[in-house]
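Overview (structure and organization)
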Amino acid sequence: MAKLRIAGQWVGVIDLELENWTVAMLREEVAKRSNAQRPDSINLISAGKVLKDGDGSQNLTQLGIRNNAKILATRVSVDEGKSLEQELMAEEERSRRLARVKAAATALSKRHVDGSLPIEDFNIELENQGGQKVQLGTETDQRAVMMGLMLHENAKNLLTRQLYKDALEVLTMGEEAFSLCDPKVLEFIDNVPILQIDMVWCYFLLRDISWLSVAGIRLEKAREGLERCHGKDFSRVRLLQAGCQPELALHMRLELLEGVVAYHNGQLDKSKKALTSAQAKFSQLQVPDEALSHVMSMGFKERDARRALRLNNQDIRRAVDFLFEEKTKRKQKREDDIRHRTEIMELKQYGVTPLKKAVNVEKLKELVAIGFEKKLAAEALRRNENDFQKALDDLTNPETNFAIQIDIESRKRKREQRAVNARIEELVSMGFDRSRVVVVVQAGETMEQTMSRLLSEFDPLQAFDANSSGNPASEASNLNPDSVEGPSTADEERDVEMEDELARDIGKADALSDYDIEVTKEGEAIQEYLALLASTDSKDALSSC
């Protein structure tokens, strides 16, 4: 029998046979003597090395353990180890997701700004608060603004789900995107100052006071930006929104954050002034039960009714008018979306230009209005990289016009041939004889008629022999002609899931989304900091006595 001297978690001597004991057996014995419920919570260290179980076949002698050897036993929290591992895995997954968000926003903004043919059946366009399409600066500016808006909307979604750290990361990406735009262009939109406010709101929700100095600068920029866009008396934004007061909740949040920052910087008078003003706005935003009930009795949902009353200073008549106008706008938007999808599906039939751009819809409409056939006009624009004058020259030149018509017919025949080939391959894969399939399909019957005829002639044994003779139905066919539709973007690598998520966030937004704030947390914060100020005033009063 040999002796091992154990120290650390348990102190004592264990008598054992080194040739018969393994590390797992020793660990279990030490766990039992130290009252540890789980053996895997015990670490054994000999001569500076942690003893590993391995495959369980090696005994202690084979591991170099000798009689009277000293073994240090330490205890580790298995749950803590697993928790740390899970935390690291979660952080890694979070980083991957944030990278996907940025990549997807970059890809979407590029495709939907530079004139490329959208892969999806929708198109993302910049609109002003009145719902009209806008062109902001250069293509680079357009792309930067669009990317910033997409990231901002995604961050607001994360805020709603209380994922504040993730939201702050995405807002930072949005700020970087906006920074790529010409500052003069950004002066016309309030999205950047609103993003600054949302970033400071994240600081507050994370209770991270280390951001205070940066928070103060951000809030100053936000106030300057809002005053530039809304006017100091909010006259500009109210004019755009037909007299309603959408900005009230946003300015309340701004004043609350200004009060919080001032408090932590020791500027108590400034803090009290800002918080008192925020409290007054918070009171204005409280919807009376009677007014809410009255609007809901007209068939509107509680959330919509409350939103309308807040945005219209609790005026029931104006709130109801607002809700009917919103309903009309939503209906119009659905109709516009259907029209956009139809246009995009049609554009895909025309292919893309040599530089992979879609045929310009507006220029196509102009040529059709002059009297040119639509497909002919689309092909002329496609060939000439959407240059209207060059397309018009080609269409009015008899020779080039005829050449375009010949090309269109050739492409049409090739499309039809591809469709025929696809049908042939589908039927051959079902076990039908290829030569018979080709004859039947080329007769020009419908798929139902073709199937009916083939089934009436079908011999399963013959089909089996044919597919076993070294000429399987899955062999590649040489019938497919090369596509002449022009370069396609459909094969580029895409993160469809993330792009769809960003598109959904944008799709849910409207002209008033940035102002539609649920103010419960803000109200609690106002009361918290006013109480802190009152406590400070009480202490100062006691000190002066």
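Heads up: these notes are all about the structure in this document.

Quick notes on the rules
- Residues numbered from 1 in each chain as written.
- Predicted model: local features only at pLDDT ≥ 70, side-chain atom pairs only at ≥ 80, totals over all residues.
- Heavy atoms only, no water.
- 1 Å grid on protein atoms, 1.4 Å probe; cavity = no way out; pocket = protein on both sides within 12 Å on 5 of 7 lines; lining within 4 Å.
- Points joined across faces, edges and corners; volume = space filled by probe spheres on them.
- Helix = DSSP H or I, 4+ residues; strand = E, 2+ residues; numbered from the N terminus.
- Nonpolar A, V, L, I, M, F, W, Y, C, P; charged D, E, K, R; others polar.
- Axes fitted to C-alpha atoms, helices over the stretch in contact; angles between N-to-C directions.
- Parallel < 35°, antiparallel > 145°, perpendicular 65-115°, else oblique.
- Left-handed = near helix turned anticlockwise from the far one by under 90°.
- Contact = heavy atoms within 4.5 Å.
- Pairing = 2+ DSSP bridges.
- Expected span 1.5 Å × (residues − 1).
- Phe/Tyr/Trp six-rings, centres within 6.5 Å; stacked < 30°, edge-to-face > 60°.
- Buried < 20%, exposed > 50% of the residue type's maximum accessible area, 1.4 Å probe, protein only.
- Lys NZ or Arg CZ within 6 Å of the ring centre and 35° of its normal.

Inspection of every chain in the model, using the stated rule, returns 1 cavity of 30 Å³ or more. Its volume calculated, the largest cavity comes out at about 60 Å³. Examining the composition of the lining of the largest cavity, we find that 3 residues originate from one element, helix α12 (residues 302–311), more than from any other. Among the residues making up the lining of the largest cavity, the classes are represented as 6 nonpolar, 1 polar and 3 charged.

To continue, consider the packing of helix α11 (residues 289–296) against α12. Two elements in contact, α11 and α12, have axes separated by 9 Å at closest approach and are oriented at 125°. Judged by the inter-axis angle, α11 sits oblique to α12. Two packed elements cross with a definite hand, and for α11 against α12 that hand is right-handed. Contacts from A291, L292, V295 and M296 of α11 reach α12 at E302, A305, R306 and L309.

One open sheet accounts for 5 strands, arranged β2-β1-β5-β3-β4; its pairing is mixed. Two strands bound the open sheet, and with one partner strand each, they are β2 (12–16) and β4 (49–50). Here 5 bridges tie strand β1 (residues 2–8) to β2, and the two strands are oriented antiparallel to one another. Bridging from a neighbouring strand, K3 pairs with D15 of β2. Its contacts with the sheet put helix α1 (residues 23–33) on β1, β2, β3 (42–46) and β5 (69–75), and the angle it makes with β3 is roughly 120°.

For helix α6 (residues 191–205), built from 15 residues, the straight-helix expectation of 21 Å at 1.5 Å per residue is met to within 8% by its first-to-last C-alpha distance of 21 Å. Directly beyond the C-terminal end of α6, a positive phi value near 55° is found at R207.

Centre-to-centre distance and the angle between the planes together describe a pair of aromatic rings. Taken as a whole and judged by the stated rule, the model has 5 aromatic pairs. A ring pair is formed by F204 and Y529, whose centres lie 6.2 Å apart and whose planes are at 55°; its orientation type is tilted. Here F204, found in helix α6, pairs with Y529, found in helix α22 (residues 520–544); they are 325 residues apart in sequence, far enough to count as distant. The exposure classification of F204 matches that of Y529, with both residues buried. Between F300 and F324 the ring centres are 5.4 Å apart and the planes differ by 75°, which places this aromatic pair in the edge-to-face class. A residue pair is termed long-range when its members are at least 10 positions apart, and F300 in the loop between α11 and α12 and F324 in helix α13 (residues 316–350) qualify at 24 residues. Every member of this aromatic cluster is reached through a ring pair, and the members are W201, F204, Y263 and Y529. R207 extends its terminal NZ or CZ atom over the ring of F204, reaching a point 4.4 Å from the ring centre.

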